[in-house]
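One-letter residues, chain by chain:
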Amino acid sequence: QQQVKQSPQSLIVQKGGISIINCAYENTAFDYFPWYQQFPGKGPALLIAIRPDVSEKKEGRFTISFNKSAKQFSLHIMDSQPGDSATYFCAASMVGYQKVTFGIGTKLQVIP
Amino acid sequence: DAGVTQSPTHLIKTRGQQVTLRCSPISGHKSVSWYQQVLGQGPQFIFQYYEKEERGRGNFPDRFSARQFPNYSSELNVNALLLGDSALYLCASSLDPGGSYEQYFGPGTRLTVT
C-alpha cells in the first residue's frame, strides 16, 4: 500500500523557472510532512517540513503548500538553479513514531 | 560536529551470506532508524531503536535484525542474503523517538548481492 503518492517522477525545468512537485497521502493520522533532497551517492537531507495546522511554509526559495481537506501537499522551488538538480522525496510521519513514509521520489533536472 | 556515519561505504556479498552494517549517530542523538532504499525508490523503514530497545519495525522478514549499543551506535544484520537485498541501506539519527521529528541521514552503505 503506497501511503504517500508523489508526482511527477521526473521533472525538467529551465534555470530561473518554478519547480513544482505534488504529493498526496491517505492516512489522516499523519501529522508531519517533511521534504528531503538527495544528491547521488548521498543520504537524504531534510529540506523543509510542515505540520497540518499550517497551510503554507516558506524557507528561502522553497515553499510547501498544504491542503488538509484534500490530503495533498506540494513543494515549490522558485528561481530554480542547476544546483537544485537532485531527487526530492516527500514524506509523512505520525506523532510519537519515528517511522517516516516516503514517496517514490522526483528526479529534478534544472537546465541552464 | 560530525554527522551520521556509516560503514562500510560499499559491500559486495554472495547470495546466502550474512552481512553486518554499522552506524554511528550524531553526538547526543539517542534514536537510530534503519531504512532500505532500492534504486529508483524512496527509502523504506526497517527498524527504529531508542535507548537500546526496538521501538518500531517495518515489513521486513526475520532475516533482518538490528541492535543498539550503550554508546547509541547501531548494527543492522541481514542473514541469508537474496539478490533482492541489493540496495542502499541508510541510517538516520534523532534526539528521541517521538518528541523531535527531525531525522538526519547518513550517506548509506551500498550493498550488492551477487
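Residues numbered from 1 in each chain as written. Chains lettered and ligands numbered in written order. Predicted model: local features only at pLDDT ≥ 70, side-chain atom pairs only at ≥ 80, totals over all residues. Heavy atoms only, no water.

Draft legend 1. Structural detail: the overall build of chain B. Along the backbone of chain B there are zero helices and 11 strands. Each helix and strand of chain B, placed in order from N terminus to C terminus, yields the pattern β-β-β-β-β-β-β-β-β-β-β. Since a compact globule built from 114 residues should have a radius of gyration of about 13 Å, the 13 Å found for chain B is in line with a globular shape. Relative to its full complement of 114 residues, chain B shows a buried share of 52%. Relative to all contacts within chain B whose residues are 6 or more apart in sequence, the contacts with residues 24 or more apart total 53%. Counting 10 positive and 9 negative side-chain charges, chain B places the averaged centre of each group 9 Å from the other. (Helix = DSSP H or I, 4+ residues; strand = E, 2+ residues; numbered from the N terminus. Rg over C-alpha atoms; globule rule 2.2 N^0.38 Å. Buried < 20%, exposed > 50% of the residue type's maximum accessible area, 1.4 Å probe, protein only. Contact = heavy atoms within 4.5 Å. Lys, Arg positive; Asp, Glu negative; His and termini not counted. Charge placed at Lys NZ, Arg CZ, Asp CG, Glu CD.)

Draft legend 2. Spotlight on the state of the cysteines. All told, the structure shown has two disulfides over all chains when counted by the stated rule. Between the sulfur of Cys23 of chain A and that of Cys90 of chain A lies a disulfide, 1.9 Å long from S to S. Disulfide Cys23 of chain A to Cys90 of chain A: torsion about the S-S bond roughly -95°, handedness left-handed. Remark: Cys90 of chain A occurs in strand β9 (residues 86–92) and Cys23 of chain A occurs in strand β3 (residues 19–25); sequence separation between them is 67 residues. A sulfur-sulfur distance of 1.8 Å marks the disulfide that ties Cys23 of chain B to Cys91 of chain B. Here the S-S torsion is close to -60°, and the disulfide linking Cys23 of chain B with Cys91 of chain B is therefore left-handed. One end of the pair, Cys23 of chain B, is in strand β3 (residues 19–24); the other, Cys91 of chain B, is in strand β9 (residues 87–94), and 68 residues separate them in sequence. As far as the burial class goes, Cys23 of chain B and Cys91 of chain B line up, both buried. (Disulfide = S-S within 2.5 Å.)

Draft legend 3. Broad picture of the sheet that holds strand β1 (residues 5–7) of chain B. Residue and element names in this part refer to chain B. Reading across from one edge, β1-β3-β8-β7 is the order of the four strands in this open sheet, with antiparallel pairing throughout. The open sheet is flanked by β1 and β7 (64–68), the only strands paired with a single partner. Strand after strand, the sheet turns through a mean of 15° between neighbouring axes, direction not considered. Inspection of the sheet shows β1 paired to β3 by three bridges, in the antiparallel sense. Paired with Ser7 across the strands is Arg22, a residue of β3. (Pairing = 2+ DSSP bridges. Axes fitted to C-alpha atoms, helices over the stretch in contact; angles between N-to-C directions.)

Draft legend 4. Here's a closer look at the nonpolar core. Membership of the largest hydrophobic core comes to 24 residues, with the highest contact counts inside it found for Phe33, Trp35, Phe73, Leu75, Tyr88 and Leu108 of chain A. Counting residues per element, the ones that place at least two in this core are β2 (10–14), β3, β4 (33–38), β5 (45–50), β7 (62–67), β8 (72–77), β9 and β11 (106–111) of chain A. Element by element, the count of residues in this core is highest for β9 of chain A, at four residues. Counting residues in hydrophobic clusters, the runner-up holds 22 residues, among them Val19, Phe47, Tyr89 and Cys91 of chain B. (Core = buried A, V, L, I, M, F, W, Y, C linked by side-chain atoms within 4.5 Å.)

Draft legend 5. Highlighting the interface of chain B and chain A. With 23 residues of chain B in contact, the opposing surface of chain A contributes 22 residues. A combined buried area of about 1600 Å² lies between chain B and chain A, and 54% of that area is made up of carbon and sulfur atoms. Summed over the shared surface of chain B and chain A, the number is zero salt bridges. The greatest single-element share of the side of chain B that touches chain A, amounting to four residues, is contributed by strand β4 (residues 31–37) of chain B. Taken together, the residues that form the side of chain B that touches chain A break down as nine nonpolar, 12 polar and two charged. (Buried area = accessible area lost by both parts, 1.4 Å probe. Salt bridge = Lys/Arg side-chain N within 4 Å of Asp/Glu carboxyl O. Nonpolar A, V, L, I, M, F, W, Y, C, P; charged D, E, K, R; others polar.)

Draft legend 6. Looking closely at the pattern of salt bridges. The full count for this structure, using the stated rule, is nine salt bridges over all chains. Taking the shortest distance from any N to any O, the salt bridge between Lys57 of chain A and Glu59 of chain A comes out at 3.6 Å. On the accessibility criterion, Lys57 of chain A (32% relative accessible area) is partly exposed. If you follow the salt bridges from partner to partner, you end up with Arg22, Arg67 and Glu75 of chain B in one network.

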